[in-house]
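Here's the letter readout for the chains.
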Amino acid sequence: MSNELKFDKFDLVLANRILAQHGVLDGFGHVSMRNPDHSEHYFLSRSLAPELVTQDDIIEFNLDSEPLHGDTRRLYLERYIHGEIYKQRPDVQAIVHSHSPSVIPFAASSVRLRPIYHMAGFLTGGAPIFDIRKMFGNTDLLVTCCDHGAELSRILGDANISLMRGHGFVAVGSSLAVAVYRAIYTELNASLQEKAINLGGEIIYLEDEEGEKADASICGVMHRPWELWKQKVEERLDQ
């Protein structure tokens, strides 16, 4: 079961590469995990393309997103996404921020992103949209301070996914594997939902109870995709 999996900084390296291989991250975006030994700290890479991240690139931050241990390397501008969500959501152990393309239209449209199949049951209840200009006016759309991150976290609430208008989305999870899984399947669900819409007929989405039950079942077998994804990345690292 997912809660039996243990994660360390090397798993965070693998998570970066898994998400890159699935097209959820490219040269941009990032993934973090809460320090399992210190809940008021989290781990995130220095500013680097995710597929290039190594264990030496991982930095420890406090929840104000300030680097610890005197680290002076260049940092992600949007690290505040992570710190502020960890502050407000003690249940969250990992966070992914992505710009994957199929999701973007749903953040700019009145059409809600909804679960179209059981693999995206975590979308039950919807994915609230963070529109930065509602609170901060016209910006570069980046989450570059604690105030920005706190507002994003407020919009996220107790949901698993929040879309970001003109930008991307965040996915959270009770473990690193769950957050990675949700980020990958948010992109896949968005692509499938668009195809269903283009068919022109009525779409039957998952009922809330169906989605909740499906999410619980899949989170209970999270070792299956995680071990597969890890093996594929580790094989490439060995080449």
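Quick summary incoming for the structure in this document. (Residues numbered from 1 in each chain as written. Predicted model: local features only at pLDDT ≥ 70, side-chain atom pairs only at ≥ 80, totals over all residues. Heavy atoms only, no water.)

**Section: helix H5 (residues 146-156)**
For H5, the set of buried residues is His148, Gly149, Glu151, Leu152, Ser153 and Leu156. Looking at the buried side of H5, the elements it contacts are helix H2 (80-88), strand E5 (129-130), helix H4 (133-136), strand E6 (161-164) and strand E7 (168-173). One or two residues past the end of H5 sits glycine 157, with phi positive at roughly 60 degrees. (Buried < 20%, exposed > 50% of the residue type's maximum accessible area, 1.4 Å probe, protein only. Helix = DSSP H or I, 4+ residues; strand = E, 2+ residues; numbered from the N terminus. Contact = heavy atoms within 4.5 Å.)

**Focus: the nonpolar core**
Counting 69 residues, the largest nonpolar core has Leu19, Leu163, Leu176, Val180 and Trp226 as the members making the most contacts within it. Broken down by element, the residue count for this core peaks at 10 residues, all from helix H6 (residues 176-199). Sequence-distant contacts of leucine 163, defined by excluding residues within four places in its chain, comprise Val103, Phe106, Ala107, Leu113, Ala127, Pro128, Ile129, Phe130, Gly168 and Phe169. (Core = buried A, V, L, I, M, F, W, Y, C linked by side-chain atoms within 4.5 Å.)

**Regarding the packing of helix H1 (residues 9-21) against helix H8 (residues 223-238)**
Following both chains from N to C, one finds H1 and H8 inclined at 90 degrees, their axes separated by 9 Å at the closest point. Judged on the interaxial angle alone, H8 and H1 are roughly perpendicular. From H1, Phe10, Asp11, Leu14, Ala15, Arg17, Ile18 and Gln21 reach across to H8, where they touch Trp226, Trp229, Lys230, Val233, Glu234, Arg236 and Leu237. Of the residues in the contact of H1 with H8, the class split is eight nonpolar, one polar and five charged. (Axes fitted to C-alpha atoms, helices over the stretch in contact; angles between N-to-C directions. Parallel < 35°, antiparallel > 145°, perpendicular 65-115°, else oblique. Nonpolar A, V, L, I, M, F, W, Y, C, P; charged D, E, K, R; others polar.)

**Points about the side chain of serine 102**
Residue position: serine 102 is located in the loop between strand E4 (94-98) and helix H3 (104-107). By relative accessible area, serine 102 is classed as buried at 15%. Those residues in contact with serine 102 that lie beyond four places of it in its chain are Glu187, Ala190 and Ser191.

**Observations regarding the packing of H1 against H6**
The relative placement of two packed helices is expressed as an angle between their axes plus a distance between the axes. Following both chains from N to C, one finds H1 and H6 inclined at 10 degrees, their axes separated by 11 Å at the closest point. Comparing their axes, H6 and H1 come out roughly parallel. Residues Asp11, Leu12, Ala15, Ile18 and Leu19 of H1 touch H6, and the partners they reach there are Leu176, Val180, Ala183 and Ile184. Taken together, the residues of the contact of H1 with H6 break down into eight nonpolar, no polar and one charged.

**As for the pattern of salt bridges**
Considering all chains together, one arrives at 12 salt bridges under this definition. For the salt bridge of aspartate 57 with arginine 46, the shortest nitrogen-to-oxygen distance reads 2.6 Å. Residue aspartate 57 is found in the loop between strand E2 (41-45) and strand E3 (58-62), and its partner arginine 46 is found in the loop between E2 and E3; the two are separated by 11 residues along the sequence. A single salt-bridge network, built from bridges that share partners, covers Asp64, Glu84 and Lys87. (Salt bridge = Lys/Arg side-chain N within 4 Å of Asp/Glu carboxyl O.)

**Quick word on helix H7 (residues 208-219)**
For H7, which comprises 12 residues, the first-to-last C-alpha distance of 16 Å matches the rise-based estimate of 16 Å (1.5 Å per residue) to within 8%. Those residues of H7 that are buried lie in contact with H6. (Expected span 1.5 Å × (residues − 1).)

**Details of unusual backbone geometry**
Even without being a glycine, serine 65 presents a positive backbone phi close to 65 degrees. With respect to the secondary-structure elements, serine 65 resides in the loop between E3 and H2. One non-glycine residue, leucine 141, lies in positive phi territory at about 75 degrees. Structurally, leucine 141 is set in the loop between H4 and H5. Given a relative accessible area of 25%, leucine 141 falls into the partly exposed group.

**Overview of the sheet that holds E5**
Across the sheet, seven strands lie side by side as E3-E2-E1-E4-E7-E6-E5; this open sheet has mixed pairing. One side of each edge strand has no neighbouring strand; the edge strands of this open sheet are E3 and E5. Two strands pair when backbone bridges link them, and E5 and E6 are joined in this way by two bridges, in the parallel orientation. Within E6, the position partnered with isoleucine 129 by the bridge is leucine 163. Packed onto the sheet, H2 meets strand E1 (30-34), E2, E4, E6 and E7 and runs at close to 35 degrees relative to E1. Strand contacts of H6: E1, E4, E6 and E7, with the helix running at about 145 degrees to E7, the strand carrying the most contacts. (Pairing = 2+ DSSP bridges.)

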